[in-house]
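Architecture and fold: a report
Listed below, chain by chain, are the residues.
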Amino acid sequence: MSLPLGLHSRQRAAGPCDTLQATVLDVMTTTTNISPSRKANHNLDSLESLVQNNLDAASHRLEQLKYVHNKTDADKVAKKIIQGTSSALEFLHGLADAHPIASIVVNLERQRHENDAHIAVVHTSMLKAVFHLRILNHEDQSSHKDSASLNAAMKELCESMTAKIHSFGEFVDSYHGHWQRTVKFVFSYVLRKKLEDFSQEFDKLVREMDSIYKSTMQIQMATVVTNTTEILRRLSFEDPDARHLKHLVPKKEGDDATLRNNQDHIKKVAAQMKEKLTHTMRGVLQEDYDNFLQRHASRYRLKCESIEREMHLASERQAVRISGGPHQLIEDKDVQLLWSSNNWRATVKCRHFVEGLHEYYHKQLHFGSSDLTDTSDMSPREQPGETSLAEKAQSVRMSKDAWTLEYFSRSMYYAAIGDIIDDDGSGYISALEVNIFLKSEQRCLRKWSKPQWFAFWASGWHNNNAWYHDETDRMMHGLLRIIQEAGPDSRDAQWANIKNMLQSLKPLILVMDSEEVSGTGMARNHVPHQLLELQEEFRQHEEEAISSRLRQFGTHLTDGASIVAVVGDARIELHIMPLIYVLIKLLNDLVAKVANQRHRNAEDMREIEALAMSCITVFVAFDDRLRELSRGWRLEAKDIGMQVDRYADGLFKKYYAEPGVFHKAYDDLRCCMFGEEYELPLHLRPVMRSQLSAPVDAVAILSKRVEALERTKAGTAEQEAKEDGEEWWSVVW
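Residues numbered from 1 in each chain as written. Predicted model: local features only at pLDDT ≥ 70, side-chain atom pairs only at ≥ 80, totals over all residues. Heavy atoms only, no water.

**Quick notes on the overall build of the chain**
Each helix and strand in the chain was counted, giving 31 helices and two strands. Counting only residues that meet the buried cut, the chain has 52% of its 733 residues in that class. Counting only contacts in the chain whose residues sit at least 6 apart along the sequence, the fraction spanning at least 24 positions is 78%. Carbon and sulfur atoms make up 50% of the accessible area of the chain, which amounts to about 35200 Å² in all. (Helix = DSSP H or I, 4+ residues; strand = E, 2+ residues; numbered from the N terminus. Buried < 20%, exposed > 50% of the residue type's maximum accessible area, 1.4 Å probe, protein only. Contact = heavy atoms within 4.5 Å. Areas by Shrake-Rupley, 256 points an atom, 1.4 Å probe, with all protein chains shown as cover.)

Right, dumping it as structure tokens:
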């Protein structure tokens, strides 16, 4: 998408595809007004030197890849390359005050537990091409006679660069999305050719930039040339399982189509690779790779949008500058006033924050609100001095929200309200976290009042989880009943496999711990009808949002980025129950459809496999989130078991206590889907180990802590008495 040169980044909503182009255009249109002292404030010169050194080191490692003879060692080098070049992203952020799409591509790669040497080679070429824009940090384009032609040439080049980077990102995501060695073997020639083409295109961009700089600025930039094409061709490791398949290796264009059309050869390759030829794999191998990439484009776009959103939030946390106090970070006027009136600093304890909410809303709901209404749009007869229509409307709304005070006043709900805002589970809430929560479209509905939001997350969210747990359990019982009651025509190998998959699936989707419905009276008939309405409204909102994204993205979720794209939030624990519910609902409809079919539709079977694979991915993401929280609690010297018991209403408690039970269900499902000898990639393996070698008695632990404190206190009192006695004796003497 072309943008006018004068359009600044804050005046548009740039999508991931045009972010890099907009980045460079912003730099080109604003650097003419940046004085040397302001440039120095960016501190880019020292960072540029660091990036240059890292890219030089990456080039050296690329040369080392020529002499690596096995895939394991090559992938280790690839991981170092990806990690070492990440400083280039920070430099580009400082250069243009915007996120280039290159950073999204690299961030996706850095999130993976495994890196591929072939991908790392082209990543380095891509970053070198983008880093070549560093000349914009040093040169004032307005001082050149040919500034107009420079702008035009750079605009065209950056449009081309944006398109190539986006295409490369789509390719990388699809490359990792289908990890089976059978797929990589069949498409080996196509994959290698595409990587070589991407590398050559990025190298060509560098040469074009050199030509532009030389002709318009009379500048010759130093460029380290690496023959990435030769490196890619040397990275051809012989798979031990493919020694007897050399005659089938595609060597030229069109060989993959010949191989794909021969089902006997496909079965032979899969058997030699010790992989089960699933319906999903058959579907991938039935189509041309370019068509497959085209279908994958919408999935990649949604991933980019979700990652860009998370990167923007991270940037806000790092780049905030305030002068009048932390409350300025909060956009909501009510909460901003609450924060400033309590003189809270950058962070506050969750308990103190909720107590402040209670005090603030208690005054508003019972004694009238503070004058926070913007009067600029009121008519003269509505101006303060007499009861205005706006004040009357607010008074009516406040009286309707009086029921929410029950949830602010009871300490049993403090932790639940704090957890929804406290992203890292530290027990402290920052002004930035509050602002992110209040702006989030995934965590609250715009039409709700603030007291309704907090009351819902105090109890309504947990109640919804209990509802989803019961409904999912009911659907799973129904699925198993359908399998048992299926007619004799359905009793074949495929149906037996579906039966085994569903039996293994049940523990994984019910891994989340959710007890009975809670409320002010701890029973459903005591939950206020206002809260019940909010619960039903939020359930409908979440289910519609998740279902809509699944229709765009597809039901085949293969990594954490896929889940974030579908739920719209990096905190999976807040949305995991409705996500599981929607997936099982789709699975229930599919299994009921194929139950008594004599000839099953291959597309339906692929969809069943995709839904089961998505449940595995959700389970592993749940495992990752618990490990992330546990690391934080461990660093804060907190009792992890006690934190798990209370965090998110104990959602992780069951899994934390007995991870082995769920790992066995995971292994059973993996064997049903892919075969006993097949291991899923590292990013799809749960790694949470059992933390409890013996039952933990929380009361005993607390008793020991109290005894230790009492001994310390007694010792301190004795020492003080001794010192007082000595002082008295010295005075008498």
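**Comments concerning the packing of aromatic side chains**
Applying the stated rule across the entire model yields 35 aromatic pairs. Measuring from centroid to centroid gives 5.9 Å for Phe 171 and Tyr 175, while their planes differ by 40°, and the two rings are tilted. Here Tyr 175 and Phe 171 lie together in helix 8 (residues 147-177), a separation of four residues that amounts to about one turn. Accessibility expressed as a relative area gives 8% for Tyr 175, which makes it buried. Each ring, one from Phe 437 and one from Trp 453, has its centre 6.1 Å from the other, and the planes form 85°; the classification is edge-to-face. Taken together, the residues span a long stretch of sequence, with Phe 437 in helix 21 (residues 431-439) and Trp 453 in helix 22 (residues 450-485) at a distance of 16 residues. Judged by its relative accessible area of 2%, Trp 453 is buried. Taken together, the aromatic side chains of Trp 339, Trp 344, Phe 353, Tyr 360, Tyr 361, Phe 408, Phe 437, Trp 453 and Phe 454 make up a single cluster linked through ring pairs. In this structure, Lys 450 is placed above the aromatic ring of Trp 453, and the distance from its NZ or CZ to the ring centre is 4.8 Å. Cation over ring: Arg 539 sits above Trp 467, and NZ or CZ is 4.3 Å from the ring centre. (Phe/Tyr/Trp six-rings, centres within 6.5 Å; stacked < 30°, edge-to-face > 60°. Lys NZ or Arg CZ within 6 Å of the ring centre and 35° of its normal.)

**Notes on the nonpolar core**
Among the nonpolar cores identified, the biggest contains 119 residues, and Phe 353, Val 434, Ile 576, Ile 584, Leu 587, Ile 608 and Leu 680 are the most heavily contacted of them. When residues in this core are grouped by element, the largest group, 15 residues, is from helix 27 (residues 602-635). Not counting chain neighbours up to four residues away, the residues in contact with Ile 576 comprise Met 512, Val 618, Phe 622 and Leu 651. (Core = buried A, V, L, I, M, F, W, Y, C linked by side-chain atoms within 4.5 Å.)

**Observations regarding the environment of His 683**
Considering the arrangement of structural elements, one finds His 683 in the loop between helix 30 (659-674) and helix 31 (698-732). When its relative accessible area of 13% is taken as the criterion, His 683 is described as buried. Distance in space between the C-alpha atoms of His 683 and Thr 617 is 8.9 Å, their sequence separation being 66 residues. In terms of polar contacts, His 683 uses its side chain to reach the backbone carbonyl oxygen of Thr 558, at 3.2 Å. (Polar contact = N/O pair within 3.5 Å; in protein donor to acceptor, adjacent residues only side chain to side chain.)

**Quick look at the state of the cysteines**
A complete count under the given rule lists zero disulfides for this structure. Cysteine Cys 672 shares no disulfide, and the gap to the nearest cysteine sulfur, in Cys 671, comes to 7.1 Å. (Disulfide = S-S within 2.5 Å.)

**Regarding helix 22**
The first and last C-alpha atoms of helix 22 sit 50 Å apart over 36 residues, in line with the 52 Å expected at 1.5 Å per residue. Along helix 22, the helix axis deviates most sharply at Trp 457, where the bend reaches about 50°. (Expected span 1.5 Å × (residues − 1). Bend = angle between axes of the 7 residues up to and from the residue.)

**Considering unusual backbone geometry**
Backbone geometry at Ala 648 places phi at a positive 50°, although glycine is not the residue there. Mapped onto the elements, Ala 648 comes out in the loop between helix 28 (640-646) and helix 29 (653-657). The class for Ala 648 is buried, based on a relative accessible area of 7%. Here Asp 649, not a glycine, exhibits a phi torsion of approximately 55°, which is positive. Counting through the fold element by element, Asp 649 comes out in the loop between helix 28 and helix 29.

**Side note on the side chain of Glu 433**
Along the chain, Glu 433 turns up in helix 21. With relative accessibility at 9%, the residue Glu 433 sits in the buried group.

**Some details on the pattern of salt bridges**
If you walk through the whole model with that rule in mind, you get 29 salt bridges. For Arg 410, the salt bridge goes to Glu 406, with nearest N and O atoms at 3.6 Å. Note that Lys 638 is salt-bridged to Glu 636, the shortest N-O span being 3.2 Å. Connected through shared salt-bridge partners, Asp 423, Arg 443, Asp 569, Arg 571, Glu 573, Arg 625 and Glu 628 make up one network. (Salt bridge = Lys/Arg side-chain N within 4 Å of Asp/Glu carboxyl O.)

**Overview of the packing of helix 26 (residues 576-594) against helix 27**
The N-to-C vectors of helix 26 and helix 27 enclose an angle of 160°; their axes lie 10 Å apart at closest approach. Between helix 26 and helix 27, the interaxial angle falls into the category roughly antiparallel. The interaxial crossing formed by helix 26 with helix 27 has left-handed handedness. Along the contact surface, helix 26 presents Ile 576, Leu 579, Ile 580, Leu 583, Ile 584, Leu 586, Leu 587, Leu 590, Val 591, Lys 593 and Val 594, while helix 27 presents Asp 604, Glu 607, Ile 608, Leu 611, Ser 614, Cys 615, Val 618 and Phe 622. For the contact of helix 26 with helix 27, the residue count by class is 15 nonpolar, one polar and three charged. (Axes fitted to C-alpha atoms, helices over the stretch in contact; angles between N-to-C directions. Parallel < 35°, antiparallel > 145°, perpendicular 65-115°, else oblique. Left-handed = near helix turned anticlockwise from the far one by under 90°. Nonpolar A, V, L, I, M, F, W, Y, C, P; charged D, E, K, R; others polar.)

**Re helix 24 (residues 529-553)**
Taking 1.5 Å per residue, 25 residues should reach 36 Å; helix 24 reaches 36 Å between its end C-alpha atoms and fits that length. Within helix 24, the full set of buried residues consists of Leu 531, Leu 532, Leu 534, Gln 535, Phe 538, Arg 539, Glu 542, Glu 543, Ile 546, Arg 549, Leu 550 and Phe 553. Positive phi shows up at Gly 554, right after helix 24, with a value of about 100°.

**Focus on the environment of Tyr 289**
Along the chain, Tyr 289 falls in helix 15 (residues 289-319). Counting along the chain gives 102 residues from Tyr 289 to Phe 187, while the straight-line C-alpha distance between them is 7.8 Å. Excluding anything up to four places from it in sequence, Tyr 289 contacts Phe 171, Ser 174, Tyr 175, Phe 187, Val 190, Leu 191 and Lys 194.

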